[in-house]
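This is what each chain is made of:
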Amino acid sequence: MRTTRAKLCPVIFGEAGVTDIEENPLHGQLPCNANDDLTTLYAQDNGLDGVMFDIVALQPVTIECFDVNWNAGTTSIALYYKPGTHVGFATSPGAWTLIDTISNLTTAGSDQPTYLPIDVDISLSGGATAAFYVTNNSVGDPNTEYSDGTVLGAVLASDANIQVLEGSGVSFLFNSAFSPRQFNGTVYYSAGNTSIAGL
């Protein structure tokens, strides 16, 4: 599906790396503009604090933002990435880079897309793989919701530009991993944009 994503992401210039939607809902706007998107599914039968999954770029792309299936409530969220696969690195925090965190996000509830107001902006060259880890950022917050999978690393969803692979459910934070698990959500991306060679 071809789309133009223009949701506005509130970016708060307070505590480093934290966007607080409740306290500062209008401070700063950062558009998440994408010209393509790929949805896996919204049909949860399982869930945990977080989920890791790989994206394979079949063509040069920039990953812009995500919708995620999330249990109902108000939560804090952290989003991480690493070049290459997450397999073998689910409990290795040093291998990952924090993109951003947000707090006081009210989710849409089970099997509904909850938009993460985080500007991802990770560019991948054709043939490259990147792993993403989205997790609640506080014990007791609502969990991500996903589906039990079939084979870790199998193609879950694909189009002409990207593949989303089956991944892992991960308990807070970089703790035990359970696989295979299927990311429930939507990847918003722009085709034909790369600025980080080899990612």
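Residues numbered from 1 in each chain as written. Predicted model: local features only at pLDDT ≥ 70, side-chain atom pairs only at ≥ 80, totals over all residues. Heavy atoms only, no water.

Chemist: Explain the overall build of the chain residue by residue, including any values.
Modeler: Counting secondary structure elements, the chain contains zero helices and 17 strands. Taken as a whole, the chain presents about 8000 Å² of accessible surface, with 50% of it coming from carbon and sulfur. (Helix = DSSP H or I, 4+ residues; strand = E, 2+ residues; numbered from the N terminus. Areas by Shrake-Rupley, 256 points an atom, 1.4 Å probe, with all protein chains shown as cover.)

Chemist: Any chance you could break down the packing of aromatic side chains for me, citing the residues and the numbers?
Modeler: Using the criterion set out here, one finds ten aromatic pairs in the structure. Here Phe-53 and Phe-66 contribute two aromatic rings whose centre-to-centre distance is 5.8 Å and whose plane-to-plane angle is 90°, an arrangement assigned as edge-to-face. Residue Phe-53 is located in strand β5 (residues 50-57), and its partner Phe-66 is located in strand β6 (residues 61-69); the two are separated by 13 residues in the primary sequence. The residues Phe-53 and Phe-66 share a single accessibility class, namely buried. Three or more aromatic residues link up through ring pairs in this structure, and these residues are Phe-53, Phe-66, Phe-132 and Phe-183. Over the aromatic face of Phe-89 sits the side chain of Lys-82, whose NZ or CZ is 4.2 Å from the ring centroid. (Phe/Tyr/Trp six-rings, centres within 6.5 Å; stacked < 30°, edge-to-face > 60°. Buried < 20%, exposed > 50% of the residue type's maximum accessible area, 1.4 Å probe, protein only. Lys NZ or Arg CZ within 6 Å of the ring centre and 35° of its normal.)

Chemist: Describe the environment of Arg-181, with residues and values.
Modeler: Along the chain, Arg-181 turns up in strand β16 (residues 177-183). You can call Arg-181 buried: its relative accessible area is 15%. With 33 residues separating them along the chain, Arg-181 and Asp-148 place their C-alpha atoms 4.7 Å apart. Residue contacts for Arg-181: discarding those within four places in its chain leaves Asn-46, Tyr-146, Ser-147, Asp-148, Gly-149, Glu-166, Gly-167, Ser-168 and Gly-169. (Contact = heavy atoms within 4.5 Å.)

Chemist: Please set out the nonpolar core residue by residue, giving values where relevant.
Modeler: In this structure, Ile-55, Ile-63, Phe-66, Leu-124 and Phe-132 are the most contacted members of the largest nonpolar core, which totals 33 residues. Of all the elements in the fold, those that place two or more residues in this core are β5, β6, β7 (74-83), β8 (97-106), β10 (122-124), β11 (129-136), β14 (162-165) and β17 (185-191). Contact partners of Ile-63, with chain neighbours within four places excluded, come to Ile-55, Val-120, Asp-121, Ile-122, Leu-124, Phe-132, Val-187, Tyr-188 and Tyr-189. Core analysis: the next-biggest nonpolar cluster, separate from the first, contains nine residues, Ala-78, Tyr-80, Ala-90 and Ala-131 among them. (Core = buried A, V, L, I, M, F, W, Y, C linked by side-chain atoms within 4.5 Å.)

Chemist: Go over the side chain of Asp-67, please, and point to the residues and values.
Modeler: Turning to its location among the elements, Asp-67 is positioned in strand β6. Here Asp-67 falls in the buried class, since its relative accessible area comes to 3%. Within the structure, Asp-67 has its side chain in polar contact with the side chain of Tyr-188 (distance 2.7 Å). (Polar contact = N/O pair within 3.5 Å; in protein donor to acceptor, adjacent residues only side chain to side chain.)

Chemist: Tell me about the pairing of β11, and please be specific about residues and values.
Modeler: Across the eight residues that make up β11, a large majority, seven, are buried. Sheet analysis places β5 next to β11, joined by seven bridges and oriented antiparallel. Its bridge partner being in β11, Val-56 is matched across the sheet by Thr-129. As paired strands, β7 and β11 are joined by seven bridges and run antiparallel to one another. Considered in β11, the bridge of Lys-82 is made with Ala-131. (Pairing = 2+ DSSP bridges.)

Chemist: Could you give an account of unusual backbone geometry, naming the residues involved and the relevant values?
Modeler: The linkage connecting Phe-172 with the following residue, Leu-173, adopts the cis geometry, with an omega of -25°. The omega angle of the peptide bond from Ser-179 to Pro-180 is 0°, so this bond is cis rather than trans. Mapped onto the fold, Pro-180 is located in strand β16. Of note, the phi angle at Asp-111 is positive, near 60°, even though the residue is not glycine. Along the chain, Asp-111 turns up in the loop between β8 and β9 (113-116). For Asp-111, a relative accessible area of 28% gives the class partly exposed.

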